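# Remarks on the overall topology
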Amino acid sequence: LLLCEAVVSTQSTGSLEAPKDLKSAYAFKIYDFNDDGMIDRTDLEELVNRVTGDRMRTEDVDGIVDNILKECDLDENETIMALEFEEIIQKSPDFTSNFFMEV
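Summary of the structure given here.

Procedures and definitions
Residues numbered from 1 in each chain as written. Predicted model: local features only at pLDDT ≥ 70, side-chain atom pairs only at ≥ 80, totals over all residues. Heavy atoms only, no water. Helix = DSSP H or I, 4+ residues; strand = E, 2+ residues; numbered from the N terminus. Buried < 20%, exposed > 50% of the residue type's maximum accessible area, 1.4 Å probe, protein only. Axes fitted to C-alpha atoms, helices over the stretch in contact; angles between N-to-C directions. Parallel < 35°, antiparallel > 145°, perpendicular 65-115°, else oblique. Left-handed = near helix turned anticlockwise from the far one by under 90°. Contact = heavy atoms within 4.5 Å. Nonpolar A, V, L, I, M, F, W, Y, C, P; charged D, E, K, R; others polar.

## Topic: unusual backbone geometry
- In this structure, Asp35 takes a positive phi of about 55° despite not being glycine.
- In this fold, Asp35 is placed in the loop between helix H2 (20-31) and strand E1 (39-40).
- Take Asp35: its relative accessible area is 67%, and that puts it in the exposed class.

## Things to note about the packing of H2 against helix H5 (residues 82-90)
- One can describe the packing of H2 onto H5 by two numbers: an axis separation of 10 Å at closest approach and a directional angle of 125°. In terms of axis orientation, H2 runs oblique to H5. H2 and H5 meet at a crossing whose hand is right-handed. Where H2 approaches H5, its residues Lys20, Asp21, Ser24, Ala27, Phe28 and Tyr31 are matched on the opposing element by Ala82, Phe85, Glu86, Ile89 and Gln90.
- Tallied by class, the residues present in the contact of H2 with H5 amount to six nonpolar, two polar and three charged.

Structure follows, in structure tokens:
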């Protein structure tokens, strides 16, 4: 039953018609690699390394992570909470049309 619910949830959040707030919440969960309810430096390093195929030098990854935190960490506590993430996503006009999955 849980697997079925996960598949249905993925299909609804991954559709082009899904509302932005639903997609934002799902994207937040994807980027929270360690599942601690926040996106921190470790999660961002993991994200950058996955996107680049672990081909970047550590200092370059750190620079990208620093820039992400500078732009997205609104309360400057070195983490991006769900509300901060949603606020950033709301400012991204292309997010809804670019965040979808083809089944």
